[in-house]
Amino acid sequence: MVKYKVGDDKLEFLKNGKSPSKISVSLTVIYIQKMCNSFNKKFLDEAAKAMEENNFEPVPDAKNIEFMSEAVKAAIKGMEANEGGPFGCIIVKDGKIVGHGNNKVTSTNDPTAHAEVTAIRDACKRLNSFQLDGCIVYTSCEPCPMCLGAIYWARPDKVYYGCNQQDATDIGFDDSFIYKEIALPYEKRSIPFEQCARDIALEAFKKWQAKEDKTLY
C-alpha cells in the first residue's frame, strides 16, 4: 500500500514497493500544477522587476508610432522655421488628426504657446468645442505643468508622450522646478503669491452663480 503525506508546499510518497494508487497520482498532478503556478508567478514577478529596473518600455502599436511620428515632425518643422522650441503635438479623434501644434513661444512672444496648447486650440476650433471628448493627445515630450493643466481642462481620453522630463532637462528645458514650486507655501515660491481683496474678487463668482444662462465647463 502506498502512503502519502501532503503539506503546504510539498507532497511526499512513502512507497513500499507497490505502484501509486489513483488517489496518489491525482495528488501528484495537483502538486505539480501548484509548483508550476508558483514558478510562473515568481517568473512573472522577476520579469516585471527587471523591466522596471532597466527602464524597459512597452512596444507601441503601429498606429501609435505613426501618430507620434507626426508629433515629432511638427516639432522639427516648427524648430527649423524658428517658431520655437523642439516640441510638437497632434490630437486624434476617430483615427484622424484633428489638431496640430508646435511650440511658438519665441515667434509669437507668447510664453503660453507650447505645443500642447497650440494643438488644443487648433483641435477645439476645428471641432467647434471647448472640450476634447473622445480625443487622444500625442505629444513629443511629457507635458510641462501648464500644459498638463490645459490637457486636464480639455479632457481628452488619453495622452501619449515621447520624451520624458529628464530628456527635456538634458537639453535645457527644466520644468522640474515648477513642479517643486507648486508644492511650496505661497510665500516661499520664487515668485511670491499673496492674496489681495478677496471680498472684491468674490463679486464675479457671485454673479456667475446667479447667472441663469451660463455654460458650464
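Our subject is the structure that appears above.
Residues numbered from 1 in each chain as written. Predicted model: local features only at pLDDT ≥ 70, side-chain atom pairs only at ≥ 80, totals over all residues. Heavy atoms only, no water.

Colleague: I'd like a description of the state of the cysteines, backed by residues and values.
Modeller: Across all of its chains, the model carries zero disulfides by this definition. Between Cys-144, a cysteine without a disulfide, and Cys-147, which holds the nearest cysteine sulfur, the sulfur-to-sulfur distance is 3.7 Å. Summary of cysteine pairing: Cys-163 is not part of a disulfide, and the nearest cysteine sulfur, belonging to Cys-141, is at 5.4 Å. Under the relative-accessibility criterion, Cys-163 is labelled partly exposed at 37%. (Disulfide = S-S within 2.5 Å. Buried < 20%, exposed > 50% of the residue type's maximum accessible area, 1.4 Å probe, protein only.)

Colleague: Summarise the packing of aromatic side chains; cite the residues concerned and give the values.
Modeller: The tally for this structure, following the rule as stated, stands at six aromatic pairs. Centroid distance Phe-67 to Tyr-138: 5.2 Å. Interplanar angle 45°. Geometry classified as tilted. Of the two residues, Phe-67 is situated in helix α2 (residues 62-80) and Tyr-138 in strand β5 (residues 135-141); the sequence distance between them amounts to 71 residues. According to the relative accessible area criterion, Phe-67 is buried, its value standing at 5%. (Phe/Tyr/Trp six-rings, centres within 6.5 Å; stacked < 30°, edge-to-face > 60°. Helix = DSSP H or I, 4+ residues; strand = E, 2+ residues; numbered from the N terminus.)

Colleague: Report on the packing of helix α4 (residues 115-127) against helix α5 (residues 145-154), specifying residues and quantitative values.
Modeller: At a minimum axis separation of 9 Å, α4 and α5 run at an interaxial angle of 25°. Considering the angle they form, α4 stands roughly parallel to α5. You can see that α4 and α5 cross each other, and the crossing is left-handed. Along its contact with α4, which presents Glu-116, Val-117 and Ile-120, the element α5 presents Met-146, Cys-147, Ala-150, Ile-151 and Ala-154. Residues that form the contact of α4 with α5 fall into these classes: seven nonpolar, no polar and one charged. (Axes fitted to C-alpha atoms, helices over the stretch in contact; angles between N-to-C directions. Parallel < 35°, antiparallel > 145°, perpendicular 65-115°, else oblique. Left-handed = near helix turned anticlockwise from the far one by under 90°. Contact = heavy atoms within 4.5 Å. Nonpolar A, V, L, I, M, F, W, Y, C, P; charged D, E, K, R; others polar.)

Remember that the coordinates give geometry; whether it matters functionally is a separate question.
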